[in-house]
Amino acid sequence: MLKIKLTRRGKRNAPTYRIAVQEARTKVSGRAVAEIGYLIPRVDGNHEFKVDKKAYEGWVAKGAVPTESVIKLINKKYTYTKYEPKKAKAEQPEAGSLKVGNDKNSNE
């Protein structure tokens, strides 16, 4: 089964993506049957995006299934949010602040 999905390229902290037709079970950076476009996400929202519509429609007609992210890109409903590990870690509650179940040692 073929899928149309994003494959990550680029260097650390500066990703670029290729829109590729791949076998469903290949890894993300694996060998592609065809590359039909690219995406260069930018934090300011001015993404560089290009896809060959004829090739996309041709592969869909042949039975290739696009992933959710590719569908959002094609429909122009894609929003890029940069992942910041320090911010994500700060939003998580501390381990000692959660109460789970009844404490057996309490005399309440």
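Everything that follows concerns the structure shown earlier in this document.
Residues numbered from 1 in each chain as written. Predicted model: local features only at pLDDT ≥ 70, side-chain atom pairs only at ≥ 80, totals over all residues. Heavy atoms only, no water.

Caption draft 1: Representation of the sheet that holds strand 5 (residues 65–66) within the structure. Ordered in space as 4-3-2-1-5, the 5 strands form an open sheet in which the pairing is mixed. One side of each edge strand has no neighbouring strand; the edge strands of this open sheet are strand 4 (48–51) and strand 5. When strand 1 (residues 2–11) meets strand 2 (residues 14–23), the two strands line up antiparallel, connected through 10 bridges. Opposite Lys5, over in strand 2, you have Ala20 as the bridge partner. (Pairing = 2+ DSSP bridges. Helix = DSSP H or I, 4+ residues; strand = E, 2+ residues; numbered from the N terminus.)

Caption draft 2: Fine view of the pairing of strand 2. Taken together, strand 1 and the strand that follows it, strand 2, pair antiparallel across an intervening segment of 2 residues, in which Asn13 is found at a positive phi of about 65°. By the bridge criterion, 5 bridges tie strand 2 to strand 3 (residues 34–40) in an arrangement that is antiparallel. In the strand pairing of strand 3, Tyr17 is matched with Leu39.

Caption draft 3: Highlighting the nonpolar core. Counting residues in each nonpolar core, the largest one holds 14 residues, and the members touching the most others are Ile4, Leu6, Ile19, Ile36, Tyr56, Trp59 and Val70. Elements with a contribution of two residues or more to this core: strand 1, strand 2, strand 3, helix 1 (53–61) and helix 2 (68–74). Among residues more than four places away in sequence, those in contact with Ile4 are Ile19, Ala20, Val21, Ile36, Tyr56, Trp59, Val60, Ala64, Val65, Pro66, Thr67 and Val70. (Core = buried A, V, L, I, M, F, W, Y, C linked by side-chain atoms within 4.5 Å. Buried < 20%, exposed > 50% of the residue type's maximum accessible area, 1.4 Å probe, protein only. Contact = heavy atoms within 4.5 Å.)

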